[in-house]
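Each chain, written out:
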Amino acid sequence: MHQGSALPVHPAQEQPATFPYLAQGQPATFPYPAQGQPATSPYPAQGQPASFPYQGPGQPPSFPYPSPGQPPTFPPPGSGWPQFAGYPAPAPPRRSRKPALLAALTVVALAVAGGILFWAPKDDAAVATATPKPSRSATPFELAEQRLELQAKALRDGDEKGWLAPVDPGKAVLVARYRAMFRNLRALEISHAEFHSDKLEAAAGRVVVQAALGYCFSGVTCPDWHGNYGEGPAKSTYKLTFQIIGGVWTITSLDDATGVKDNYLQPAPWDNAALTLVKGERVIVAGPRSQAARLKQVLTMAEKAAKVVDKYAGYVGNPQKRYRIYVADEKGWKSWYGGVKQDWIVGYEMPLNSTGGDIILRAKSSTNARQLAVTVQHELTHVVTLGGDDWASDNDQWLVEGIAEYVGALPRKPQDTDNRDVLAESFKKRGMPKTMALPSLSDDADDLTVNTLYAMGHYATSCMADKFGERKLFQFTNLVLRESKQPDEASRTAYGKPFSAVDKACLSWIRQRV
């Protein structure tokens, strides 16, 4: 699902590549294999087969690349939605990659057993306010909300003193965390911040709230607030304790355990430790101080890749203000966005709802410059072709991966990559498929089935580009992946032909090139 420009490397023929799928109802993320493990098609690590696996339950949902002989596994449809105590998981939308619910839609309730707070929807814009009624004094909870409102404003305005004002100055660790959050977010170009909260406990001199910080970066149009993780701005949630210190309500503790457990965007890379950053014209690259030397190398590659991907972002009407890449040390790799446990993955893309996506690279596995450049360009492709939409994960995997293979392999044609070897083996053993739009992968898909889907997707998108031009290819891609159109409707709109006719022509085209 990811690629960039590099010289092709030919995998061992007896070890077919593997490429997996994500659970229905989970946000798509797109990882890369580590060096020394099966690398990404079409340019895997020398002598290794290309592979693309799935991350296990509880990990950031993704399309990673597994070792040979380790086919992807998937939870059953809908299982990716977290089960809040006392509340059943909702049925996933038919054509949505939206993630777990943060809030119930009609009530404010506390699931006591799980400590999960449910927010009622708020139609009013962004920043939550708690203006007391003139007829009474503000409650302690309302006063705590007011402090959060001012804190969010300070974050937007770049006022570090104002951001730290509600935090107990006697709690050194807590102050250090808030300071790191502020400086990281400002360096990452946060342009929108809002808090929404609900009361968990209230006692004399003490209030406990569940607060959600919604955020957007780099001046993107930040969507209106929604009470779930997968819609509206990206969110991080915290259980905050307020106590009266010096006559004002002050944050004395922060607990993010619930957010880390239930929110696929926690913990974020910016959340708990100082980051070192470098900026280019199009890309921000960040990581812990230990990776400072690596950041410049990644930035150079990413700036080149961004110029390629920006062209296609324009074709799908999804230009990015900035791309963000995080280079993770082992601590960050195992914790950011839930962490990744598979040794073969070198990177993945995590969508921030409709506002873009973050790319995470594993520093330990990113020592091969060629493979690293491929990884970066491939992941940037996913940011623009999937960002801000309702993508149907149950039908369109051939196109999701195919378009990423197409851009990632450029300027090479599919027959000049290892995907040709994959299809040659597949056709010899199983015959020519009856459609280029192969069905998405099942839980028990074997290696060759998985490999064939990715390779056919690469050839399919290349065929459509050859026959109709890149602009129409990306019009078709945008209609299917970002506007939730069925392939036949998208084909008639973009190509002026039914998809069955395009499919038939491309099968012939593919046969001639394998």
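All values reported here derive from a predicted model rather than from experimental measurement. (Residues numbered from 1 in each chain as written. Predicted model: local features only at pLDDT ≥ 70, side-chain atom pairs only at ≥ 80, totals over all residues. Heavy atoms only, no water.)

## Things to note about the overall build of the protein
So, point 1. Within the protein one finds 13 helices and twelve strands.
So, point 2. In the protein, which comprises 514 residues, the proportion classed as buried is 59%.
So, point 3. Taking contacts inside the protein between residues at least 6 apart in sequence as the whole, the part at least 24 apart equals 70%.
So, point 4. Accessible surface, the protein as shown: approximately 19,200 Å² in total, 52% of it carbon and sulfur. (Helix = DSSP H or I, 4+ residues; strand = E, 2+ residues; numbered from the N terminus. Buried < 20%, exposed > 50% of the residue type's maximum accessible area, 1.4 Å probe, protein only. Contact = heavy atoms within 4.5 Å. Areas by Shrake-Rupley, 256 points an atom, 1.4 Å probe, with all protein chains shown as cover.)

## Thoughts on the packing of aromatic side chains
Any pair of aromatic rings gets described here by the distance separating the centres and the angle formed by the planes.
So, point 1. Under the counting rule described, the total for this entry stands at 16 aromatic pairs.
So, point 2. Measuring from ring centre to ring centre gives 5.7 Å for Tyr312 and Tyr315, while their planes differ by 85°; the resulting arrangement is edge-to-face. You can see Tyr312 and its partner Tyr315 sitting in helix 5 (residues 292–315), three residues apart, about one turn around the helix.
So, point 3. Using a relative accessible area of 21% as the deciding quantity, one classes Tyr315 as partly exposed.
So, point 4. Among the aromatic residues, those joined into a ring-pair cluster are Trp398, Phe468, Phe476, Tyr495 and Phe499. (Phe/Tyr/Trp six-rings, centres within 6.5 Å; stacked < 30°, edge-to-face > 60°.)

## A few points about the nonpolar core
So, point 1. Trp163, Tyr178, Leu240, Phe242 and Trp270 are the most contacted members of the largest nonpolar core, which totals 51 residues.
So, point 2. Residues contacting Trp163, with those up to four places away along its chain left out, are Gln151, Ala154, Leu155, Tyr178, Met181, Phe182 and Phe195. (Core = buried A, V, L, I, M, F, W, Y, C linked by side-chain atoms within 4.5 Å.)

## Considering the state of the cysteines
So, point 1. Counting across every chain of the model gives two disulfides.
So, point 2. In this model Cys216 forms its disulfide with Cys222; the gap between the sulfur atoms is 2.0 Å. The chirality of the disulfide connecting Cys216 with Cys222 is right-handed, given an S-S dihedral of about 70°. Neither Cys216 nor Cys222 differs from the other in exposure class; each is buried.
So, point 3. Across the protein, the way the bonded cysteines pair up, counted in sequence order, is 1-2, 3-4. (Disulfide = S-S within 2.5 Å.)

## Comments concerning the pairing of strand 4 (residues 190–203)
So, point 1. Two elements, strand 4 and strand 5 (residues 206–217), share twelve bridges in a ladder whose sense is antiparallel. Across the sheet, Glu201 pairs through a bridge with Val208, a residue of strand 5. (Pairing = 2+ DSSP bridges.)

## With respect to the confidence of the model for the protein
A low pLDDT score tells you not to read the predicted coordinates there in detail.
So, point 1. Predicted confidence across the protein gives a mean pLDDT of 78, with 72% of residues reaching 70 or more.
So, point 2. Note that pLDDT drops below 50 for residues 1–128; the model gives that stretch 465 contacts with residues more than four away or on any other chain. (pLDDT = per-residue confidence, 0-100.)

## Comments concerning helix 11 (residues 470–481)
So, point 1. In a regular helix each residue adds 1.5 Å, so twelve residues correspond to 16 Å; helix 11 covers 16 Å between its end C-alpha atoms and thus fits that length.
So, point 2. In terms of residue burial, helix 11 counts as a mostly covered element, since nine of its twelve residues are buried.
So, point 3. Every buried residue of helix 11 is listed here: Glu470, Leu473, Phe474, Phe476, Thr477, Asn478, Leu479, Val480 and Leu481.
So, point 4. Buried positions along helix 11 lie against helix 5, helix 7 (369–386), helix 8 (397–409), helix 10 (447–468), helix 12 (487–495) and helix 13 (499–513). (Expected span 1.5 Å × (residues − 1).)

## Topic: the side chain of Arg294
So, point 1. By the element assignment, Arg294 lies in helix 5.
So, point 2. Dropping the residues within four chain positions of it, Arg294 is found in contact with Val327, Ala363, Ser366 and Thr367.

## Overview of the packing of helix 11 against helix 12
So, point 1. Two elements in contact, helix 11 and helix 12, have axes whose closest approach is 9 Å; the angle formed by their N-to-C orientations is 150°. For the element pair helix 11 / helix 12, the angle class is roughly antiparallel. Crossing of helix 11 over helix 12 shows right-handed handedness. Every residue of helix 12 that contacts helix 11 at Lys472, Leu473, Gln475, Phe476, Leu479 and Val480 is listed here: Pro487, Ala490, Ser491, Thr493, Ala494 and Tyr495.
So, point 2. Of the residues assigned to the contact of helix 11 with helix 12, the class counts are eight nonpolar, three polar and one charged. (Axes fitted to C-alpha atoms, helices over the stretch in contact; angles between N-to-C directions. Parallel < 35°, antiparallel > 145°, perpendicular 65-115°, else oblique. Left-handed = near helix turned anticlockwise from the far one by under 90°. Nonpolar A, V, L, I, M, F, W, Y, C, P; charged D, E, K, R; others polar.)

## A look at the pattern of salt bridges
So, point 1. Counted by the stated rule, this structure contains 18 salt bridges.
So, point 2. For Asp157, the salt bridge goes to Lys153, with nearest N and O atoms at 2.6 Å. Linking Asp157 with Lys153, this pair stays in helix 1 (residues 140–157), spanning four residues, or about one helical turn.
So, point 3. Asp157 gets classed as partly exposed once you look at its relative accessible area, which sits at 46%.
So, point 4. Given the relative accessible area of 42%, Lys153 is considered partly exposed.
So, point 5. A salt bridge links Glu160 to Arg179, with the nearest nitrogen and oxygen atoms 3.3 Å apart. Of the two residues, Glu160 is situated in helix 2 (residues 160–164) and Arg179 in helix 3 (residues 172–187); the sequence distance between them amounts to 19 residues.
So, point 6. We classify Arg179 as partly exposed; its relative accessible area is 30%.
So, point 7. Linked through salt bridges whose partners overlap, the residues forming this network are Glu160, Arg179 and Arg183. (Salt bridge = Lys/Arg side-chain N within 4 Å of Asp/Glu carboxyl O.)

## Section: the side chain of Thr252
So, point 1. For Thr252, the location among the structural elements is in strand 7 (residues 248–255).
So, point 2. Residue Thr252 is classed as buried on the basis of its relative accessible area, which comes to 7%.
So, point 3. A polar contact is formed between the side chain of Thr252 and the side chain of Gln243, at a distance of 3.0 Å.
So, point 4. Setting aside residues no more than four positions away along its own chain, Thr252 makes contact with Asp168, Lys171, Leu174, Thr241, Gln243 and Ile245. (Polar contact = N/O pair within 3.5 Å; in protein donor to acceptor, adjacent residues only side chain to side chain.)

## Thoughts on the environment of Ser236
So, point 1. Relative to the elements of secondary structure, Ser236 occurs in strand 6 (residues 234–245).
So, point 2. The spatial distance from the C-alpha of Ser236 to the C-alpha of Leu265 is 6.9 Å, given a sequence separation of 29 residues.
So, point 3. Once residues lying within four places of it in the same chain are set aside, the contact partners of Ser236 are Ala211, Ala212, Leu213, Tyr215, Asn263, Leu265, Gln266 and Trp270.

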